[in-house]
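Read off the chains here:
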Amino acid sequence: MPLVTIEIIQGVFTAGQKRDLIERVTDAVVAVEGEALRDVTWVRIQEIAQGDWGIGGRTLTAADVRAMAASRSTHSS
């Protein structure tokens, strides 16, 4: 029974986005291991408090993550 844990900074994803993550990650596991594992694939999302996560020596907030995502979408256009 696969267990996938996704850690995210609290406040970054909406409830709908988290549902989408769970659905798509489950679909990815099923694509590799077969449909028989769909009903026993567990996906959990753990939210880490803002400021309890860091990158490059500095803490991150939800606003920081949103700014990074916006920057990436601007650069990829």
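Reading the values: the criteria
- Residues numbered from 1 in each chain as written.
- Predicted model: local features only at pLDDT ≥ 70, side-chain atom pairs only at ≥ 80, totals over all residues.
- Heavy atoms only, no water.
- Helix = DSSP H or I, 4+ residues; strand = E, 2+ residues; numbered from the N terminus.
- Rg over C-alpha atoms; globule rule 2.2 N^0.38 Å.
- Buried < 20%, exposed > 50% of the residue type's maximum accessible area, 1.4 Å probe, protein only.
- Pairing = 2+ DSSP bridges.
- Right-handed = clockwise from strand over helix to strand, strands pointing away.
- Contact = heavy atoms within 4.5 Å.
- Salt bridge = Lys/Arg side-chain N within 4 Å of Asp/Glu carboxyl O.

**As for the overall build of the chain**
Helices and strands together make up the secondary structure of the chain, namely two helices and four strands. Relative to its length of 77 residues, the chain is extended, with a C-alpha radius of gyration of 15 Å against a globular reference of 11 Å. With respect to the principal axes defined by its C-alpha atoms, the chain has extents near 40 × 30 × 25 Å. Going through the 77 residues of the chain one by one, you find that 14% of them count as buried.

**What about the pairing of strand β1 (residues 3–9)?**
In terms of strand pairing, β1 meets strand β2 (residues 42–48) through seven bridges, oriented parallel. In the sheet register, Leu3 faces β2, and the bridge partner there is Trp42. Of the crossover connections in this fold, the one passing from β1 over helix α1 (residues 15–33) to the parallel β2 is right-handed.

**Here's the deal with the environment of Val29**
Relative to the helices and strands, Val29 resides in helix α1. For Val29, a relative accessible area of 14% gives the class buried. Considering only alpha carbons, one finds Val29 and Arg44, 15 residues apart in sequence, at a separation of 14 Å. Leaving out residues up to four positions away in the same chain, Val29 has contacts with Pro2, Val4, Gly34 and Thr41.

**Regarding the pattern of salt bridges**
In this structure the tally under the stated criterion is five salt bridges. With a shortest N-O distance of 2.8 Å, Arg38 and Asp27 are connected by a salt bridge. Taken as a pair, Arg38 in the loop between α1 and β2 and Asp27 in helix α1 lie far apart in primary sequence, eleven residues in all. Residue class for Arg38 comes out partly exposed when judged on its relative accessible area of 29%. Relative accessible area serves as the criterion here: at 31%, Asp27 is assigned to the partly exposed category. One continuous salt-bridge network, built from bridges that share partners, spans Asp27, Glu35 and Arg38.

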